[in-house]
Amino acid sequence: MTGIKFVVREGALQGRLPVRELARACVGTCAQAAAELGALRAGLAMAPAVRVDDGALAAAFLSERHLLIDGRAPVNFAPLSRFWRTADGWVRTHANYPHHRARLLAALGVPDDVAVVEAALAERSALDVEETVYAAGGLAVALRSPEEWAAHPQAAEVAKRPLVERGRLDTAPVRALAPVDASPLLPAAGLRVLDLTRVLAGPVATRTLALLGADVLRVDAPLLPELPDQHADTGFGKRSATLDLATDRQTFEELLAAADVVVTGYRPGALDRFGLSPQALAERRPGVVVAQLSAWGAYGPWRERRGFDSLVQVATGIAALEGSAEKPGALPAQALDHGTGYLLAAAVLRALAEQSYEGGSRFVRLALARTARWLTDETDGTGAGDADGVAYEGPGAWLAETDSALGRLRYARSPVSFEGGPTDWTRPPVPWGTDAARWG
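Treat the numbers as computed from the prediction; the structure is a model and nothing was measured.

**Notes on the overall build of the chain**
When its secondary structure is counted, the chain shows 16 helices and 17 strands. In summary, the chain has a C-alpha radius of gyration of 21 Å against a globular reference of 22 Å for 440 residues, a match within 12%. Taking the principal axes of the C-alpha coordinates as reference, the chain spans close to 65 × 60 × 45 Å. Every one of the 440 residues in the chain was classed for burial, and the buried ones make up 59%. If you take every contact in the chain between residues at least 6 apart in sequence, the share linking residues at least 24 apart comes to 77%. A total of about 17100 Å² of accessible surface is found on the chain, and carbon and sulfur atoms cover 51% of it. The distance from the centre of the 46 positive side-chain charges to the centre of the 52 negative ones in the chain is 3 Å.

Structure follows, in structure tokens:
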């Protein structure tokens, strides 16, 4: 990447894989897209200079671990979300949500007891556990080596796709973006973003758009409450509402009619029955930008499977590379989630810029599994910089505090930085479902 000032701090985001390089590339791309859109809207002759600091990256990519609420640290993984020994290897489960925990236990036919679950899994093969739990609607993934994943049909489908899929949905006319002030420069000011995402990449993307001035309304199903700490970490700059799409379509259609961007983070096709496919949204709201995110991609035999960063690491060989077949490991951060989130925000910003002079409803699509391939096979030393690096001394300089309806919060600032741009969110997170399902 050119035109970006990189501040190198040795020791930040240390891992066997080039996580720091991935973080630099994702955040740098997002900041560059924001600066360019800001320049377009403010009438600047050239885009503001972008700065990417390894310290800011390290803090932001671990934001969920740095969050404190009235001095209390969040619990990021439940007791049944972990690696387990099986009869022939390892499996990782994800049971942070109550409904996923219930499905896991039902699939295994055991009570909610760690020792009992451990004993049951030790008697079964990893692939048997994977298939049985997924068939029950739960989440479990067998540990694979990079070579085993490369031979998997889902990996073959992932490899065919670009890192960021982009397309034009129709011939909607150009939608001119209103001018914005240059200080502070808010590239997304005045734009309305309908946030239909959960854990973690989608909310990171919409949190970033909120930083850049967008009016972000997160909408969740009332019967699927979000984990409170997770919602707090990714809720900066947003409002939060609940809406049952099965019974209140009119309210959703009113929201859509005034939305500029719709971001979805559910399994591919899961929302289509509500008319939320990109094409259906564009037909009702010409000129909209639709951004889609999934774990495994909108293609291949695993396209309908649920997934999270930790599980994608296990399937794609990352856990084996960061550890071994005897003792799997993990990346120093949920880098697939965070990195994909910044790329998704960048893709939305670029789509808005293109739309302002070419027209057309747009869609962008990313998948954690595709980001994993980029990390393992394609990421190089991009942005290493020529200057000597300084030692990373911890996240302190990139943490801030604020009061909120949730209590006193300590949180990580955004790493997206460009000259004249915002340095923090204008509002703290609110409790889940606090707001009305309407635009402010």
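So, next bit.
**Quick look at the nonpolar core**
Ranked by internal contacts, the top residues of the largest apolar core, which has 102 residues, are L13, F61, W296, V312, L331, Y342 and L344. For this core, the element with the highest residue contribution is helix α15 (residues 335–358), accounting for 13 residues. The residues contacting Y342, other than those within four sequence positions of it, are C26, V27, C30, A60, F61, V204, R207, T208, P415 and V416. Membership of the second largest hydrophobic core comes to 22 residues, among which are L217, L271, F274 and W439.

**Some details on the pattern of salt bridges**
For the structure shown, the criterion picks out 32 salt bridges. For D377, the salt bridge is made with R373, and the minimal N-O distance between the two is 3.3 Å. Linking D377 with R373, this pair stays in helix α16 (residues 368–378), spanning 4 residues, or about one helical turn. Residue D377 is classed as exposed on the basis of its relative accessible area, which comes to 51%. By relative accessible area, R373 is classed as partly exposed at 30%.

**Structural notes on helix α8 (residues 153–160)**
Of all the residues in α8, the buried ones are Q154, A155, E157 and V158. Buried residues along α8 cover an arc of 160 degrees about the axis, so they all sit on one side. Tucked inside the fold, the buried residues of α8 contact α7 (146–150) and α16.

**Focus: the pairing of strand β11 (residues 238–242)**
Of all 5 residues in β11, 4 are buried; the element is thus mostly enclosed. Relative to β11, strand β10 (residues 215–220) runs parallel, the two being bridged by 5 bridges. Of the residues in β11, the one forming a bridge with L217 is R239. Taken together, β10, helix α10 (residues 228–234) and β11 form a β-α-β motif whose crossover is right-handed.

**Details of the sheet that holds β10**
One open sheet holds the 7 strands; their spatial order is β8-β14-β13-β12-β9-β10-β11, and the pairing between them is mixed. Of all the strands in the sheet, the pair left with one neighbour each is β8 (165–168) and β11. Adjacent strand axes in the sheet meet at a mean angle of 20 degrees, parallel and antiparallel pairs treated alike.

**Some words on unusual backbone geometry**
Here S183 and P184 are connected by a cis peptide whose omega angle stands at -10 degrees. Inspection of the secondary structure assignment puts P184 in the loop between β8 and β9 (192–196). The amide bond that connects V199 to the next residue, L200, takes the cis arrangement and shows omega of -20 degrees. With respect to the helices and strands, L200 occurs in the loop between β9 and α9 (201–211).

**Points about the packing of helix α1 (residues 19–42) against α15**
Two elements in contact, α1 and α15, have axes separated by 9 Å at closest approach and are oriented at 25 degrees. Considered as vectors, α1 and α15 are oriented roughly parallel to each other. In this structure, the crossing between α1 and α15 has a hand that is left-handed. On α15, the residues touching V19, L22, C26, V27, T29, C30, Q32, A33, A34, E36, L37 and L40 of α1 are A335, G339, Y342, L343, A345, A346, L349, R350, L352, A353 and S356. Per-class residue counts for the contact of α1 with α15 are 17 nonpolar, 4 polar and 2 charged.

**Some thoughts on helix α4 (residues 98–108)**
Buried residues of α4: H100, L104, L105, A107 and L108, and no others. Taken down its axis, α4 places every buried residue within 160 degrees of arc, on the same side. On its buried face, α4 is in contact with β6 (90–93), α5 (114–122) and α6 (126–135). Downstream of α4 by one or two residues, G109 has phi in the positive range, about 70 degrees.

**Things to note about the packing of aromatic side chains**
Evaluated as defined, the whole model comprises 9 aromatic pairs. Here the aromatic rings of F61 and Y342 are separated by 5.8 Å at their centres, their planes lie at 20 degrees, and the arrangement is stacked. Of this pair, F61 sits in the loop between α2 (54–60) and α3 (63–66) while Y342 sits in helix α15, and the two are 281 residues apart along the sequence. Considered together, F61 and Y342 belong to a single accessibility category, that of buried residues. One aromatic cluster is present, built from ring pairs that chain together W149, W296 and W302. Positioned over the ring face of W84 is R82, at 3.7 Å from the centre of the ring. Positioned over the ring face of Y299 is R161, at 4.2 Å from the centre of the ring.

Rules of the game
- The numbering scheme is per chain: residues are counted from 1 as the chain's sequence reads.
- Local features in this predicted model are restricted to residues whose pLDDT is 70 or higher, and side-chain atom pairs enter the listing and the counts only when it is 80 or higher, whereas totals over whole chains, interfaces and linings include all residues.
- Excluding hydrogens and water, the side-chain values take into account all heavy atoms of the structure.
- Put simply, DSSP marks the helices as runs of H or I at least four residues long and the strands as runs of E at least two long, and each gets a number from the N terminus on.
- With C-alpha atoms as the basis for the radius of gyration, the globule rule is written as 2.2 Å multiplied by the number of residues raised to the power 0.38.
- We call a residue buried when its accessible area falls under 20% of the maximum for its residue type, exposed when it is over 50%, and partly exposed in between, using a 1.4 Å probe and counting protein chains only.
- The contact definition used throughout considers only heavy atoms, calling two residues in contact when any of these lie within 4.5 Å.
- Each accessible area is a Shrake-Rupley result for a 1.4 Å probe, and residues are judged covered by the shown protein chains and nothing else.
- For the charge count, each Lys or Arg is scored as positive and each Asp or Glu as negative, with His and the chain ends excluded.
- Charge positions come from single atoms, namely NZ of Lys, CZ of Arg, CG of Asp or CD of Glu.
- Nonpolar core, defined: a set of buried Ala, Val, Leu, Ile, Met, Phe, Trp, Tyr and Cys residues in which side-chain atoms within 4.5 Å join the residues together.
- Whenever a carboxyl oxygen of Asp or Glu lies within 4 Å of a side-chain nitrogen of Lys or Arg, that contact is scored as a salt bridge.
- Directions are taken from the helix axis to each C-beta atom, and the arc is the one they span.
- Whether two strands pair depends on DSSP finding at least two bridges between them.
- Orient the strands so they point away from the viewer; a crossover is then right-handed if the path from the first strand over the helix to the second runs clockwise.
- Axis lines are fitted to C-alpha atoms, over the contacting stretch for helices. Their N-to-C directions set the angle, which ranges from 0 to 180 degrees.
- We call two directions roughly parallel when the angle between them is under 35 degrees, roughly antiparallel when it is over 145, roughly perpendicular when it lies between 65 and 115, and oblique otherwise.
- If you view the pair so one helix is near and one far, a crossing is left-handed when the near helix is turned anticlockwise from the far one by less than a right angle, and right-handed when it is turned clockwise.
- Each residue is assigned to one of three groups, with Ala, Val, Leu, Ile, Met, Phe, Trp, Tyr, Cys and Pro labelled nonpolar, Asp, Glu, Lys and Arg labelled charged, and all others, Gly among them, labelled polar.
- Here a pair means two rings of Phe, Tyr or Trp (six-membered ring of Trp) with centres within 6.5 Å. Their orientation is stacked below 30 degrees between planes, edge-to-face above 60, and tilted elsewhere.
- Criterion for a charge above a ring: Lys NZ or Arg CZ within 6 Å of the ring centre, and within 35 degrees of the ring normal.

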